[in-house]
Number of protein chains: 2
Amino acid sequence: MPETLTTTDPRTGTRSDTGIAPTSGDEVAVIVARAKDAAQEIASRSRAWRARLLDGLADSLEEHRDRLVSTAETETGLTAARLEGELSRTTFQLRLFGEAVREGGFLEAAIDHATETPLGRQPDVRRMLVPVGPVAVFGSSNFPFAFSVPGGDTASALAAGNPVVVKAHSAHPLTSKVSYEALRAGAERVDAPEGTLGIVFGQQAGVTLVEHAAIAAVGFTGSLGAAQHLRAAIEGRPRPIPFYGELQSVNPLVITEAALRARGAEIAVGLSSSITASGGQLCTKPGIAFVPAGDAADQFARRLGDAVGASDPGVLLNERVLASFGESVASLEAAPGVIALTGATTPDGTGFSVAPRVLRVQARDLTTAHTIEAFGPLVLVVDYHDVDELAVALAQVPHSLTATLHVEDTDLGRIVELLPVLQEASGRIVFNGYPTGVRVSWAQHHGGPWPATNTVHTSVGVTAIRRFLRPLAWQNAPETLLPEELRDDFAEIPRRVDGALITTSRSGGS
Amino acid sequence: MPETLTTTDPRTGTRSDTGIAPTSGDEVAVIVARAKDAAQEIASRSRAWRARLLDGLADSLEEHRDRLVSTAETETGLTAARLEGELSRTTFQLRLFGEAVREGGFLEAAIDHATETPLGRQPDVRRMLVPVGPVAVFGSSNFPFAFSVPGGDTASALAAGNPVVVKAHSAHPLTSKVSYEALRAGAERVDAPEGTLGIVFGQQAGVTLVEHAAIAAVGFTGSLGAAQHLRAAIEGRPRPIPFYGELQSVNPLVITEAALRARGAEIAVGLSSSITASGGQLCTKPGIAFVPAGDAADQFARRLGDAVGASDPGVLLNERVLASFGESVASLEAAPGVIALTGATTPDGTGFSVAPRVLRVQARDLTTAHTIEAFGPLVLVVDYHDVDELAVALAQVPHSLTATLHVEDTDLGRIVELLPVLQEASGRIVFNGYPTGVRVSWAQHHGGPWPATNTVHTSVGVTAIRRFLRPLAWQNAPETLLPEELRDDFAEIPRRVDGALITTSRSGGS
């Protein structure tokens, strides 16, 4: 008999048995075979049904809200308020994707009728995106709902018309299980095929999952190390499949002189909230803040240190995050020129609590040793003397999901040359705000140049669906064999017909 | 001094010196550095300029038509007529991409204004696709224009706003050089930055190129073996980059009973042309044809054998293709149950000529030994007894760029269950035609499941541009810092605004 999985309450450090056994290799094979069976069935159903499935999942999650939040609270140490918000965001996303499925633009349907061209007579060609097949999803520890069993990758893959098999995160197996049960209940209500949703537990089961021939794509949110481990398994497959990884991010934030003068106190408070929220365990947490050197910077740093010092201790998600945060802090404190602005005393309380930290260094001393991601409540303040020094220092920061600029109209001109640099180094540029709190919408992009992510795709927002689709073309097909979206008389979705983009009254907004 | 590269006339086997030296590592570094410099400059120019660049390249290729065609004729053995057509297709594609750049839909511009949502107040977020950076292009031997220096990958990468460095194919270095010179002349006319186009020669230079830190993506058309070699180099990079490979394809063709009865003679002639055109060296050549067993099949096979036997000998592109075709033929002829329907006599003439071949086997005998790609003028006819036997036999065929179905209205019903199988196994389904002759248009898809290609993208048609773009989002950006395509009052391109797709009078057709 395999040992069962344990779970730990990060608030107390108390470990307990979950009663959940790791999924065996044979069980993984059965689960994926069911997903494969479901793939053709789901692909053959209408977009309307697919949208009802997404809505049904959202409804069911809402019905299980109390159990989901209380279970996640115990397993993650995140506050109930934060988890309530995260679950709302998760159901909002499922419904938004349902809207997108009904609207149909994501299919990128295109029709080129047979015609004479400068190259001679050309055949009728029609194209749209179709589901890739069963998708494996690996969620993160820090978002037990939004990037986990019912999260963005699952919503994207289902919206694209694929079955999903989730690998439950080892830090919240019970939350994964109750989330999965809630999703199953929602799926059954709309008569989804059995293999629409599957779940596996245990690290080995995750490897077996991505090695399975029927898995067509992998969505992953987590650490670079875990990603490399999975990638090695995926690269060993005879048939390569896409691996969409959201990996790590330092998220530089730059404050200009005018912004510091005009809003220094306000930014100190805002930044403090942004780096301490959820124990600093957000992939978009600004980990490094550049301020123009001088008296105002000293005052800013003091205020930031006070605000951070006065905030509640951060409860980290699990022992691994605790250990890794400790290593990062030690490494950063030992880096040349670094000064600590907050006390290092371990906070009162038990479990995986840590004191939020503010460190400081001069831009001229900045090296890559200073720009590692510390996953937890920490920010490094960097004093720069001019835009040139700032540019050199920014080049030491790994490419990130986001880059933030606090700037006033009066000094836009001085900073404008930096914009191409920030754009090349990130996936989202935030002005006069904070990168945490990622809007779920049509225009959102959550991704960035390596090592933020490993592909040119997003894992948040409607266009995340594109990852789990592939193009398919039909040449001279009889009308009856075409998907309805590609028939001449179908006018319910936006399409490109003979090069012209044609919208419909249904191509409506949200 | 490095040795200079040689070139061989496939019609005679005569080898001669090109005077072109392999590009050294230092030279590659200089060329890529220039491309990197050009990247920011090109990205900052207008779409109108970018469209003029594409038009200018097409114009210049037309002006150099005679020299290009005669050089390619000598290096590839392809006929002047075929090369004239290929060059026309290449310039047509550049101009079509210019239209697409003007139209602007490929940017996928989206604006979500700040608003109240069920999740609270949300910021203004705007997103569009931006160029990835310098692109390395590896062309194929069989399309010296359309998939080579001035081909689809180059057109896609430039349309996306990236500089391009091409690795010249070793089988046509002179064609590559004159193509490059023609493109350079066109680029200079619109005042393109020097690094907009670069070229390197020699296998080692190709490896050095993809290993260079500034290269952001690789487009490749060629053999699986060469692709694996490059992939190994790419996977050794600290920063992973996308590798878009178009690799190999067997392209099954299925004839139903009613189609064989109604059009057997016509299909035999059409198929013969499709497999012997360009010496059978097309990635979409139908390499395996399934016919319903019986007298009609015997007659069809005889007619096909006669038509193929009467066609001109195929001149293969180079010694490697010649050797590989010989191995494939020997291997297929030795496979269980295979009968040759055409003579194996080597045709008269010198150089790399081969006799086109038709082989035949029973579906029940079909194994993966029968379904290798023979790159050259060869087709394997497979007799099947019913749809079940056909389905089992099709499962032995590697996934392909295309799948073709010759069918009549009267027996559509009997074959319809096969459609999901063909769709899962290919990227384009062709009805009552031949997969060779790929239309260049908005709706085209040229790609397919592994091993046809290694990604879910196309290398022909307007959407090929997507490969060399990445999303970028702006949050709460001042209007003046946004690209003009994302400003509120800009109405010249289709955009998704607050979820609604909005077209313009300029979203016109072709």
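Keep in mind the model is a prediction, meaning the values are calculated, not measured.

### Digging into the overall build of chain A
Point 1. Counting its secondary structure elements, chain A contains 14 helices and 23 strands.
Point 2. Taking 510 residues into account, the globule formula puts the C-alpha radius of gyration at 24 Å, and chain A, at 24 Å, falls close to it.
Point 3. If you line up chain A on its principal axes, its C-alpha atoms span 75 × 65 × 40 Å.
Point 4. Entry remark: accessible area of chain A is about 17900 Å², with carbon and sulfur atoms responsible for 52%.

### What about helix α1 (residues 25-44) of chain B?
Residue and element names in this part refer to chain B.
Point 1. With 20 residues, α1 should cover 28 Å at 1.5 Å per step; its first-to-last C-alpha distance of 29 Å lies within 8% of that length.
Point 2. Its maximal kink placed at A38, α1 deviates by approximately 25°.
Point 3. Those residues of α1 that sit buried are V28, I31, V32, A35, A38, A39 and I42.

### What about unusual backbone geometry?
The bulk of non-glycine residues show a negative phi, and the bulk of peptide bonds are trans.
Residues and elements named next belong to chain A.
Point 1. Along the chain, W450 connects to P451 via a cis peptide bond; the corresponding omega equals 5°.
Point 2. At N251, a residue that is not glycine, the phi angle is positive and equals roughly 55°.
Point 3. Tracing the chain through its elements places N251 in the loop between β11 (243-246) and β12 (252-255).
Point 4. With relative accessibility at 0%, the residue N251 sits in the buried group.

### Notes on the confidence of the model for chain A
Point 1. Put simply, chain A has an average pLDDT of 95, and 97% of its residues get 70 or more.
Point 2. Model confidence for the complex is summarised by a pTM of 0.96, with the ipTM given as 0.96.

### Thoughts on the packing of aromatic side chains
Point 1. By the definition in use, this model includes eight aromatic pairs over all chains.
Point 2. An angle of 85° between the planes, with centres 5.6 Å apart, marks the rings of A:Y244 and A:F468 as edge-to-face. Within this pair, whereas A:Y244 is found in strand β11, its partner A:F468 is found in the loop between β20 (426-431) and β21 (469-475), the two being separated by 224 residues in sequence. Comparing A:Y244 with A:F468 shows no difference in burial state: the two are buried.
Point 3. Where B:F138 meets B:F220, the ring centres are 6.4 Å apart and the plane angle is 45°; that geometry is what we call tilted. Note that B:F138 is positioned in strand β7 (residues 135-138) and B:F220 in strand β10 (residues 217-221), a separation of 82 residues in sequence.
Point 4. In this structure B:F138 comes out as buried when scored by relative accessible area, which is 6%.
Point 5. B:F220 gets classed as buried once you look at its relative accessible area, which sits at 5%.
Point 6. Through successive ring pairs, a cluster of aromatic residues spans A:F138, A:F220 and A:F243.
Point 7. Here the guanidinium or amino end of A:R45 rests over the ring plane of A:W49, the centre of that ring lying 4.5 Å away.
Point 8. Here the basic side chain of A:R82 rests over the ring of A:F143, its NZ or CZ set 4.6 Å away from the ring centre.

### Topic: the packing of helix α7 (residues 203-211) of chain A against helix α8 (residues 224-235) of chain A
Think of two packed helices as two axes; the pair is described by the angle between the axes and how far apart they sit.
Residues and elements named next belong to chain A.
Point 1. Across the interface, α7 lies against α8 with an axial gap of 8 Å and an inter-helix angle of 40°. Taken as axis vectors, α7 and α8 run oblique relative to one another. Crossing handedness for the pair α7 and α8: right-handed. On α8, the residues touching Q203, G206, V207, V210 and E211 of α7 are H229, L230, A233 and I234.
Point 2. Classifying every residue of the contact of α7 with α8 by side-chain character gives five nonpolar, three polar and one charged.

### Some words on the interface of chain B and chain A
Point 1. Facing the 75 residues of chain B at the interface are 75 residues of chain A.
Point 2. In this assembly, chain B packs against chain A so that about 6400 Å² is buried in total across both faces, 60% of it on carbon and sulfur atoms.
Point 3. Summed over the shared surface of chain B and chain A, the result is two salt bridges.
Point 4. Where B:E103 meets A:R496, a salt bridge forms, and the shortest distance between an N and an O atom there is 3.1 Å.
Point 5. At seven residues, the largest contribution of residues to the side of chain B that touches chain A is made by strand β21 (residues 469-475) of chain B.

### Side note on the environment of B:L129
Residue and element names in this part refer to chain B.
Point 1. Mapping L129 onto the fold places it in strand β6 (residues 125-131).
Point 2. Residue class for L129 comes out buried when judged on its relative accessible area of 1%.
Point 3. Placed 339 residues apart in sequence, L129 and F468 show a C-alpha to C-alpha distance of 9.3 Å.
Point 4. In this view, L129 contacts F106, L107, E108, R466, L469, R470 and P471; residues no more than four positions away in its chain are not counted.

### Quick notes on the sheet that holds strand β8 (residues 164-167) of chain A
Residues and elements named next belong to chain A.
Point 1. Strands sit in the order β9-β8-β7-β10-β11 across an open sheet of five strands; the sheet is parallel. Looking at the sheet topology across the chains shown, the edges are occupied by β9 (197-200) and β11. Within the sheet, the average angular offset between the axes of one strand and its neighbour, ignoring direction, is 15°.
Point 2. Where strand β7 (residues 135-138) meets β8, four bridges bridge the pair, whose relative direction is parallel. What sits directly across from V135, in β8, is V164.

### Side note on the sheet that holds β10(B)
Residues and elements named next belong to chain B.
Point 1. If you trace the five strands from one edge of the open sheet to the other, you get β9-β8-β7-β10-β11, paired in parallel fashion. Edge strands, defined here as strands with exactly one partner in the open sheet, are β9 (197-200) and β11 (243-246). Each strand of the sheet is rotated relative to its neighbour by a mean of 15°, with strand direction disregarded.
Point 2. Of the pairings in the sheet, the one linking β10 to β11 comprises four bridges and is parallel in character. Bridge pairing links V218 to F243 in β11.

### Describing the pairing of β8(A)
Residue and element names in this part refer to chain A.
Point 1. A two-sided burial pattern is seen for β8, the buried positions comprising V164 and V166 on one face and V165 and K167 on the other.
Point 2. Once you follow β7 into helix α5 (residues 152-159) and on to β8, the crossover reads as right-handed.
Point 3. Both β8 and β9 contribute to a ladder of four bridges, which runs parallel. Paired with K167 across the strands is V200, a residue of β9.

### Things to note about the side chain of A:T71
Residues and elements named next belong to chain A.
Point 1. Relative to the assigned elements, T71 resides in helix α3 (residues 65-76).
Point 2. By relative accessible area, T71 is classed as buried at 17%.
Point 3. Within the local environment of T71, its side chain forms a polar contact with the backbone oxygen of R67, the two atoms lying 2.6 Å apart.
Point 4. Once residues within four sequence positions are removed from consideration, T71 is found in contact with L174, T175 and V178.

### Concerning the environment of B:T453
Residues and elements named next belong to chain B.
Point 1. Looking at the element boundaries, T453 is found in the loop between β20 (426-431) and β21.
Point 2. For T453, a relative accessible area of 5% corresponds to the buried category.
Point 3. Residues T453 and P123, 330 residues apart in the sequence, show an inter-C-alpha distance of 40 Å.

### Topic: the relation of the copies chain B and chain A
Point 1. With an RMSD of 0.0 Å, the fit of chain B onto chain A corresponds to turning through 180° and sliding 0.0 Å along the axis. Expressed as a symmetry operation, the mapping of one chain copy onto the other fits a two-fold axis. Closest approach to the rotation axis among the C-alpha atoms of chain B is made by B:T503, whose C-alpha sits 3.6 Å away.

Each value, and the rule that gives it
Residues numbered from 1 in each chain as written. Chains lettered and ligands numbered in written order. Predicted model: local features only at pLDDT ≥ 70, side-chain atom pairs only at ≥ 80, totals over all residues. Heavy atoms only, no water. Helix = DSSP H or I, 4+ residues; strand = E, 2+ residues; numbered from the N terminus. Rg over C-alpha atoms; globule rule 2.2 N^0.38 Å. Areas by Shrake-Rupley, 256 points an atom, 1.4 Å probe, with all protein chains shown as cover. Expected span 1.5 Å × (residues − 1). Bend = angle between axes of the 7 residues up to and from the residue. Buried < 20%, exposed > 50% of the residue type's maximum accessible area, 1.4 Å probe, protein only. pLDDT = per-residue confidence, 0-100. Phe/Tyr/Trp six-rings, centres within 6.5 Å; stacked < 30°, edge-to-face > 60°. Lys NZ or Arg CZ within 6 Å of the ring centre and 35° of its normal. Axes fitted to C-alpha atoms, helices over the stretch in contact; angles between N-to-C directions. Parallel < 35°, antiparallel > 145°, perpendicular 65-115°, else oblique. Left-handed = near helix turned anticlockwise from the far one by under 90°. Contact = heavy atoms within 4.5 Å. Nonpolar A, V, L, I, M, F, W, Y, C, P; charged D, E, K, R; others polar. Buried area = accessible area lost by both parts, 1.4 Å probe. Salt bridge = Lys/Arg side-chain N within 4 Å of Asp/Glu carboxyl O. Pairing = 2+ DSSP bridges. Right-handed = clockwise from strand over helix to strand, strands pointing away. Polar contact = N/O pair within 3.5 Å; in protein donor to acceptor, adjacent residues only side chain to side chain. Least-squares fit on C-alpha atoms with pLDDT ≥ 70 in both.

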